[in-house]
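Read off the chains here:
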Amino acid sequence: MAIEDFYEDFVFVEKRKQSDGMGGFINEYVETVPFKAGINTDQSMEARIGEQQGVKSIYTITTSKDCMLEFGDIIKRKRGNSYYKITSNGEDMISPMVSEMDIIQVTAENFTIPIE
C-alpha cells in the first residue's frame, strides 16, 4: 500500500476582488486548480487539551512535490467541503531528492470563508 492510496480530492481556492457596481469591491473565493492530498489531524493528548482550551486544530497535509503548497494558501477538501489555510511552507518539509518518495508536508488550520 502506497501513501498515495490515502490521497483524496482537494482544490486551491483563490481570493479575488470584484467590483460591487457601486465603486467598492467585494471579495470572492474561487476554486482553481484541483490536486490530490492526504490529511490528518494531531490527536495527541496535548492537542486535545489545547482544543478544549480554544486552540485551533492542527492538520498535516501530505501531497506530491509537483503541488507546492505555500504559507497562506487556502485549499478546499472536496469531501465535506472543508476549507483549510496553510500555516507552513512545503519547501520546509520535502522528501530528499535521492529518495524515491515524492512527498511534501505542510501544516494547516480550519478556515472559514468570510461572509461579506
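Note that the structure is predicted; figures quoted are calculated from it, not measured.

J.: Looking at this structure, how should I read the side chain of threonine 62?
T.: Topologically, threonine 62 is positioned in strand S3 (residues 59-63). In this structure threonine 62 comes out as buried when scored by relative accessible area, which is 6%. One polar contact links threonine 62 to glutamine 105, side chain to side chain, over a distance of 2.9 Å. Not counting the four nearest positions on each side in its chain, threonine 62 is found in contact with Ile3, Tyr7, Ala37, Gly38, Ile103, Ile104 and Gln105.

J.: Would you explain the packing of aromatic side chains in this entry?
T.: Any two aromatic rings considered together are summarised by their centre-to-centre distance and by the angle between their planes. Applying the stated rule across the entire model yields four aromatic pairs. Look at phenylalanine 10 and phenylalanine 35: their rings are 5.7 Å apart centre to centre, the planes differ by 25 degrees, and that puts the pair in the stacked class. Of this pair, phenylalanine 10 sits in strand S1 (residues 8-19) while phenylalanine 35 sits in strand S2 (residues 25-41); the two residues are 25 residues apart in sequence, bridging distant segments of the chain. Judged by relative accessible area, phenylalanine 10 falls into the buried class, the value being 1%.

J.: Would you take a moment to explain the pattern of salt bridges for this structure?
T.: Going through the model one piece at a time under the given rule, you end up with six salt bridges. For glutamate 14, the salt bridge is made with arginine 16, and the minimal N-O distance between the two is 2.9 Å. Taking relative accessible area as the criterion, glutamate 14 reaches 37% and is therefore assigned partly exposed. By relative accessible area, which is 35% here, arginine 16 ends up partly exposed. One salt bridge connects lysine 76 with glutamate 31, and the closest N-O pair in it is separated by 2.6 Å. Taken together, the residues lysine 76 in strand S4 (residues 74-77) and glutamate 31 in strand S2 connect sequence positions 45 residues apart. Lysine 76 sits in the buried class, given a relative accessible area of 9%. Its relative accessible area of 35% is what places glutamate 31 among the partly exposed residues.

Calculation criteria
- Residues numbered from 1 in each chain as written.
- Predicted model: local features only at pLDDT ≥ 70, side-chain atom pairs only at ≥ 80, totals over all residues.
- Heavy atoms only, no water.
- Helix = DSSP H or I, 4+ residues; strand = E, 2+ residues; numbered from the N terminus.
- Buried < 20%, exposed > 50% of the residue type's maximum accessible area, 1.4 Å probe, protein only.
- Polar contact = N/O pair within 3.5 Å; in protein donor to acceptor, adjacent residues only side chain to side chain.
- Contact = heavy atoms within 4.5 Å.
- Phe/Tyr/Trp six-rings, centres within 6.5 Å; stacked < 30°, edge-to-face > 60°.
- Salt bridge = Lys/Arg side-chain N within 4 Å of Asp/Glu carboxyl O.

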